Amino acid sequence: MSNKPIILHTDTPLAKGVVTLLHELETRLELSKPLGVFVAGGVAAHFYTAARSTYDVDAEFSSRVLIPQDLAVEVDMGEKGVQTLFFDTNYNSTFALMHEDYLKDSVPLDMGLEFIKVHLLSPVDLAVSKISRLSDNDKQDIVDLVRSGCTNASAIEKRANEAVGGYIGNMTAVQHNINSAVSLAKQSEPKIYKAPKKDLDFGR
């Protein structure tokens, strides 16, 4: 995993919209005890990279909840117009490639909520979660996470191969996707400039 400090982009219109959505959820559920919310998908990627905007929030909860069907907030995205932000109630982490420690290693995000405790999937676990489907958007999120210095090809490969051990069935397709994702991540890593030897020879 990258040693570069991770900067979370919490001041974008989308990020502020997520805060509003979670505040509304906390109010509508009339919570009286803590509720963990683990954000994944494109929204989590946006907090790390501010690169791609998506308006369905993939989230896993620490307790069973009934999300109000009409829960949504409008977000002014500037040139993209006003967009509706909502929870994807069909999201299920069971069908994604996930390391067994993905919840334990998630990144806490203070949103000023009283009862809802927000966490983002760690950058490497977020990248790994994209591998089983590996759509164009998933590939772009992996590229953006690597380019931003949040994770790297080596970390993704190690974490993904560890995650495979927790699954049953034919993993041939998933292993192919792992190889493709790692290759894509390697191509996206910043190139380190190596000065020619003559540039380092100060007249000696």
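Structure first, text after, so check above.
Report on the accompanying structure.

Criteria and cut-off values
Counting restarts for each chain: residues are numbered from 1 in the order of the written sequence. Given that this is a predicted model, residues contribute local features only at a pLDDT of at least 70 and side-chain atom pairs are listed and counted only at 80 or more, while totals for whole chains, interfaces and linings are drawn from all residues. Based on all heavy atoms of the structure, the side-chain values leave hydrogens and waters out of the count. To qualify as a nonpolar core, a set must consist of buried Ala, Val, Leu, Ile, Met, Phe, Trp, Tyr and Cys residues joined through side-chain atoms within 4.5 Å. Relative accessible area decides the class of each residue, using a 1.4 Å probe on protein chains only: under 20% of the type maximum gives buried, over 50% gives exposed, and in between gives partly exposed. What makes two residues a contact is simply this: any of their non-hydrogen atoms within 4.5 Å. Criterion for a salt bridge: a side-chain nitrogen of Lys or Arg within 4 Å of a carboxyl oxygen of Asp or Glu. For helices the rule is a DSSP run of H or I covering at least 4 residues; for strands it is a run of E covering at least 2, with both sets numbered from the N terminus onward. Each axis is a line fitted through C-alpha atoms, and for a helix only the stretch in contact is used; angles between axes span 0 to 180 degrees, taken between their N-to-C directions. In these notes the angle categories are as follows: under 35 degrees is roughly parallel, over 145 is roughly antiparallel, 65 to 115 is roughly perpendicular, and the rest is oblique. Crossing chirality is assigned from the near helix's rotation relative to the far helix, an anticlockwise turn below a right angle marking it left-handed and a clockwise turn marking it right-handed. Lys, Arg, Asp and Glu make up the charged group, whereas Ala, Val, Leu, Ile, Met, Phe, Trp, Tyr, Cys and Pro make up the nonpolar group; the residues left over, Gly among them, are polar.

**Examining the nonpolar core**
Then, number 1: Ranked by size, the top nonpolar core spans 59 residues in total, and within it L22, L85, F87, L97 and I156 carry the most contacts.
Then, number 2: Setting aside residues up to four positions removed in sequence, F87 forms contacts with L21, L22, L25, V57, A59, F61, I67 and L71.

**Concerning the pattern of salt bridges**
Then, number 1: Under the criterion given, the structure shown has 10 salt bridges.
Then, number 2: The salt bridge involving R28 is made with D70; its shortest N-O contact spans 2.6 Å. Pair noted here: R28 is in helix 1 (residues 13-29) and D70 is in the loop between strand 2 (56-61) and strand 3 (73-76), with a separation of 42 residues, a long-range link.
Then, number 3: In this structure, K130 engages D138 in a salt bridge whose closest nitrogen and oxygen atoms are separated by 3.5 Å. A single burial state applies to K130 and to D138, both of which are buried.

**So, the packing of helix 1 against helix 2 (residues 41-49)**
Then, number 1: Two elements in contact, helix 1 and helix 2, have axes whose closest approach is 10 Å; the angle formed by their N-to-C orientations is 125 degrees. Relative to helix 2, helix 1 is oriented oblique. For helix 1 against helix 2, the interelement crossing comes out left-handed. Residue-level inspection shows L14, A15 and V18 of helix 1 in contact with helix 2, the latter providing V43, H46 and F47.
Then, number 2: Among the residues forming the contact of helix 1 with helix 2, the class breakdown is 5 nonpolar, 1 polar and no charged.

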